[in-house]
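Tertiary structure, described
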Amino acid sequence: MFEPKIFIRKTLPQDAADIQQIHVAVYKTSYRGFLSDDVLDALKIEDEKIECTKIYVTQIESYVAVYLQRVIGFAHLALPQDKVLEIQALYVHPQFQCLGAGRALVEFVCASHKARGFSKCEIWTLKNGPSLPFYHKLGFVQELNVQEKSWKYGLPIIKLSKKL
């Protein structure tokens, strides 16, 4: 039986609409109970945000997960500092979660950066958020002695890391 594979490629400006769709869908499902229903229900895909995303992905290192010729997830990376990789954003469309796209994105960026001499990967995530078990499964642990930050909606976030 043919089983389609997920492949990872560099993000292109024409992926911007898919990225915005994924972003909104993930917020509306994964952050329900963390953010108010009013905030989540007001989220929508806007042409202005798509245009900003087109520009943004040309200025950063960003990758998409593709399944059956459809963009189903993305990873945006922060500008590297001191050979430490930071995954700034990692989202997989809720309809395609648990297929391995998130794992594929993390493994791809970690392996490619390890080959370039990076020694560590970091990511900030919601404290007690829905993605915490996923990151733990991939070997990320909470950094000790790192103060929690407050995310844009006032939610506490924690730093996770793993050695490459």
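Nothing here was measured: the structure is a model prediction, and the numbers come from that model.

**Some points on the nonpolar core**
Within the largest apolar cluster, 27 residues are counted, with the highest numbers of intra-cluster contacts made by Ile-87, Leu-90 and Phe-140. When contributions to this core are tallied by element, the ones reaching two or more residues are strand S2 (61-67), strand S3 (70-77), strand S4 (84-92), helix H4 (101-115), strand S5 (120-126), helix H5 (132-137) and strand S8 (156-163). Here Phe-140 is in contact with Val-106, Cys-121, Ile-123, Tyr-135, Leu-160, Ser-161 and Lys-162, once residues within four sequence places are set aside. Val-26, Val-66, Phe-74 and Ala-89 belong to the second largest nonpolar core, which has 21 residues in total.

**Here's the deal with the packing of aromatic side chains**
Aromatic rings considered in pairs are described by the distance between their centres and by the relative angle of their planes. Tallied over the entire structure, the rule returns seven aromatic pairs. On the basis of an interplanar angle of 35 degrees and a centroid distance of 6.2 Å, the ring pair of Tyr-27 and Tyr-91 is categorised as tilted. Of the two residues, Tyr-27 is situated in helix H1 (residues 16-30) and Tyr-91 in strand S4; the sequence distance between them amounts to 64 residues. Each member of the pair, Tyr-27 as well as Tyr-91, carries the same accessibility label: buried. By way of ring pairs, the aromatic residues Tyr-27, Tyr-31, Phe-74 and Tyr-91 are connected into one cluster. Over the ring of Tyr-63 we find Lys-10, and its NZ or CZ is 5.5 Å from the ring centre.

**Re the environment of Phe-96**
By the element assignment, Phe-96 lies in the loop between S4 and H4. Remark: the alpha-carbon pair of Phe-96 and Val-109, spanning 13 residues in sequence, is separated by 20 Å. Setting aside anything within four residues of it in sequence, one finds Phe-96 in contact with Tyr-67, Arg-70 and Ile-72.

**Some remarks on the pattern of salt bridges**
Summed over all chains, the structure comprises nine salt bridges. The closest approach of N and O atoms between Lys-54 and Glu-51, which form a salt bridge, is 3.2 Å. Here Lys-54 and its partner Glu-51 are both found in helix H3 (residues 47-59), three residues apart, which amounts to about one turn of the helix. Under the relative-accessibility criterion, Lys-54 is labelled partly exposed at 30%. Since its relative accessible area comes to 42%, Glu-51 is described here as partly exposed. Across the pair Lys-120 and Glu-122 runs a salt bridge whose closest N-O atoms are separated by 3.4 Å. Exposure remark for Lys-120: the relative accessible area of 24% places this residue in the partly exposed category. Bridged by salt links that share partners, the residues Lys-120, Glu-122, Glu-143 and Lys-159 form one connected network.

**Digging into the environment of Arg-103**
The topology assignment puts Arg-103 in helix H4. Once residues within four sequence positions are removed from consideration, Arg-103 is found in contact with Phe-134, Lys-137 and Leu-138.

**Focus on the state of the cysteines**
One pass over the full model with this rule turns up zero disulfides. Just so you know, Cys-98 is unpaired, no disulfide at all, and the nearest cysteine sulfur is the one on Cys-110, 19 Å from it. The thiol of Cys-121 is unpaired, and the distance to the nearest cysteine sulfur, on Cys-110, comes to 3.8 Å.

Thresholds applied
- Numbers given for residues are sequential positions, taken from 1 along each chain in its written order.
- Thresholds applied to this predicted model are a pLDDT of at least 70 for local features of residues and 80 or more for the giving and counting of side-chain atom pairs; totals over whole chains, interfaces and linings are not thresholded and use all residues.
- Excluding hydrogens and water, the side-chain values take into account all heavy atoms of the structure.
- Each nonpolar core is a collection of buried residues, namely Ala, Val, Leu, Ile, Met, Phe, Trp, Tyr and Cys, held together in the definition by side-chain atoms within 4.5 Å.
- The cut-offs for exposure are 20% and 50% of the maximum accessible area for each residue type, with area from a 1.4 Å probe on protein chains only; residues under the lower value are buried, those over the upper are exposed, and the others partly exposed.
- Strands are runs of DSSP state E lasting at least two residues, helices are runs of H or I lasting at least four, and both sets are numbered from the N terminus onward.
- The contact criterion used throughout is that any non-hydrogen atoms of two residues lie within 4.5 Å.
- Only Phe, Tyr and Trp rings are paired, with Trp represented by its six-membered ring, and only when their centres lie within 6.5 Å; those with planes under 30 degrees apart are stacked, over 60 edge-to-face, the remainder tilted.
- To sit over a ring, a charge needs its Lys NZ or Arg CZ within 6 Å of the ring centre and within 35 degrees of the ring normal.
- The salt bridge criterion pairs a side-chain nitrogen of Lys or Arg with a carboxyl oxygen of Asp or Glu, the two atoms within 4 Å.
- Note that a disulfide, as used here, is simply two cysteine sulfur atoms within 2.5 Å.

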